Amino acid sequence: GQQLNQSPQSMFIQEGEDVSMNCTSSSIFNTWLWYKQDPGEGPVLLIALYKAGELTSNGRLTAQFGITRKDSFLNISASIPSDVGIYFCAGPATPVGFSGSRLTFGEGTQLTVNP
Amino acid sequence: DTAVSQTPKYLVTQMGNDKSIKCEQNLGHDTMYWYKQDSKKFLKIMFSYNNKELIINETVPNRFSPKSPDKAHLNLHINSLELGDSAVYFCAALQVWTGELFFGEGSRLTVL
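Keep in mind that this is a model prediction, so the values were computed, not measured.

1. So, the overall build of chain A
The number of helices and strands found in chain A is 0 helices and 11 strands. For chain A, the sequential pattern of α-helices and β-strands runs β-β-β-β-β-β-β-β-β-β-β. For chain A, the spread of C-alpha atoms along the three principal axes comes to 40 × 30 × 20 Å. Relative to its 115 residues, chain A shows a buried fraction of 43%. Residue pairs in contact within chain A that sit at least 24 positions apart in sequence constitute 54% of those at least 6 positions apart. Summed over its atoms, the accessible surface of chain A is roughly 5100 Å², and 53% of this surface lies on carbon and sulfur atoms. Within chain A, the 9 negative side-chain charges are centred at a point lying 14 Å from the centre of the 6 positive side-chain charges.

Rendered as structure tokens:
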């Protein structure tokens, strides 16, 4: 079945540092989604990418859809304590617009930010 | 108003019992899901319903039975609970045109 490899599994950084995490897929994706999960909450979408090579920002977050369509990365600049949480990449096995979409998630990156 | 709401948020029960988790979404989306998040935080799809019809059943034991009385509700009933069923269960609704899943807050099930 489809696999998403996400790395690193965990990161411990100081406040103000930049962070980078990435995902690779065993198959081509048409969409990459990056989610964040706060403790005790459900995942919330941060950034969605729909085209190979696309680079999208959301505040201090920047994500890119790899040109091979098999990878994506997420950068967080100037981290702050509230960036703590688990970050997931995700991609659908089917094209967007299909009601039977099956979203596969990476294993997650646990981010800890020390003040 | 919470877009996707699940109840209960916490559930502690004994092995062998039967329990249900309810989910409701007010987003008007047709497709809803159940995901299981284990102790390693891995999110695994269990079921998907589109407008009350089952469209994905990801080889989940038949002790798990989802029920969708209407497209805004997707409930999960679990029979004969086992220790390995302990996890956080997330309900989600799909915004088809963007591929975005909207998740509930999760229901933490602990089987003793």
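So that's the structure; there's more coming.
2. Structural notes on the overall build of chain B
Secondary structure summary: chain B contains 0 helices and 11 strands in total. Traced from its N-terminal end to its C-terminal end, chain B shows the element sequence β-β-β-β-β-β-β-β-β-β-β. Here the C-alpha radius of gyration of chain B, 13 Å, is about what a compact globule of 112 residues would show, namely 13 Å. Across its three principal axes, chain B shows a C-alpha extent of roughly 40 × 25 × 25 Å. Split into buried and exposed, the 112 residues of chain B put 46% on the buried side. When contacts within chain B are restricted to residue pairs at least 6 apart in sequence, long-range pairs at least 24 apart make up 52% of them. Here chain B displays about 5500 Å² of accessible surface, and carbon together with sulfur accounts for 49% of that area.

3. Focus on the pairing of strand E9 (residues 87–95) of chain B
Residue and element names in this part refer to chain B. Of all 9 residues in E9, 9 are buried, a share of seventy percent or more. The alternating pattern of E9 places Ala 87, Tyr 89, Cys 91, Ala 93 and Gln 95 and Val 88, Phe 90, Ala 92 and Leu 94 on opposite faces, both of which are buried. Where strand E4 (residues 31–37) and E9 come together, 7 bridges link them in antiparallel fashion. Bridging from a neighbouring strand, Gln 37 pairs with Val 88 of E9. Here 3 bridges tie E9 to strand E11 (residues 107–111), and the two strands are oriented antiparallel to one another. Within E11, the position partnered with Ala 87 by the bridge is Leu 109. By the bridge criterion, 4 bridges tie E9 to strand E10 (residues 100–103) in an arrangement that is antiparallel.

4. Quick look at the interface of chain B and chain A
Opposite the 24 residues of chain B that make contact, chain A presents 22 residues. A per-residue breakdown of the area chain B buries against chain A is headed by Leu 43, Val 96 and Phe 103 of chain B, which together make up 23% of the total. One can count 0 salt bridges joining chain B with chain A. Summed over the shared surface of chain B and chain A, the number is 5 residue pairs in polar contact (both at pLDDT 80 or more). The dominant element in the side of chain B that touches chain A, judged by the number of residues it contributes, is E4 of chain B, at 4 residues. A per-class count over the side of chain B that touches chain A returns 13 nonpolar, 6 polar and 5 charged.

5. Brief notes about the side chain of Ser 72 of chain A
Within the secondary structure, Ser 72 of chain A sits in strand E8 (residues 71–76). You can call Ser 72 of chain A buried: its relative accessible area is 2%.

6. Describing the packing of aromatic side chains
For the structure on display, the rule yields 10 aromatic pairs over all chains. Aromatic pair Phe 88 of chain A and Phe 105 of chain A: ring centres 6.1 Å apart, planes at 85°, arrangement edge-to-face. Of this pair, Phe 88 of chain A sits in strand E9 (residues 85–92) while Phe 105 of chain A sits in strand E10 (residues 103–105), and the two are 17 residues apart along the sequence. Here the aromatic residues Tyr 35, Phe 88 and Phe 105 of chain A together with Tyr 33, Tyr 35, Phe 90 and Phe 103 of chain B are joined through ring pairs into a cluster of three or more.

What counts and what doesn't
Every residue gets a number counted from 1 within its own chain, in the order that chain's sequence is written. For naming, the first written chain is A and the first written ligand is 1, with later ones following in the order written. The model is predicted, so local features are restricted to residues of pLDDT at least 70 and side-chain atom pairs to those at 80 or more, both for listing and for counting; the totals for chains, interfaces and linings are taken over all residues. Water and hydrogen atoms were dropped before computing side-chain values, which therefore reflect all heavy atoms in the structure. Put simply, DSSP H or I for four residues or longer makes a helix, DSSP E for two residues or longer makes a strand, and each gets a number counted from the N terminus. For the exposure calls, accessible area comes from a 1.4 Å probe over protein chains only, and a residue counts as buried if that area is under 20% of its type's maximum, exposed if over 50%, partly exposed in between. Whether two residues are in contact is decided by their heavy atoms, any of which lying within 4.5 Å being enough. With residues, only the protein chains shown are counted as cover, and all accessible areas are computed by Shrake-Rupley using a 1.4 Å probe. Under this rule, positive means Lys or Arg and negative means Asp or Glu; His and the chain ends count for nothing. The atoms used to mark charge sites are NZ of Lys, CZ of Arg, CG of Asp and CD of Glu. Our radius of gyration looks at C-alpha atoms and nothing else; its globule reference is 2.2 Å times the residue count to the power 0.38. Note on pairing: DSSP must find at least two bridges between two strands before they are called paired. Buried area: the accessible area, evaluated with a 1.4 Å probe, that two parts lose upon being put together, summed over both parts. Salt bridge criterion: a side-chain nitrogen from Lys or Arg within 4 Å of a carboxyl oxygen from Asp or Glu. By the criterion applied in these results, polar contacts are pairs of N or O atoms within 3.5 Å in which, for protein atoms, one can donate a hydrogen and the other can accept it, and in which residues neighboring in sequence qualify only through two side-chain atoms. Residue type decides the class: Asp, Glu, Lys and Arg count as charged, Ala, Val, Leu, Ile, Met, Phe, Trp, Tyr, Cys and Pro as nonpolar, and the leftover types, Gly among them, as polar. Pairing of aromatic rings covers Phe, Tyr and the six-membered ring of Trp, with a centre-to-centre limit of 6.5 Å; geometry is then stacked below 30 degrees between planes, edge-to-face above 60, and tilted otherwise.

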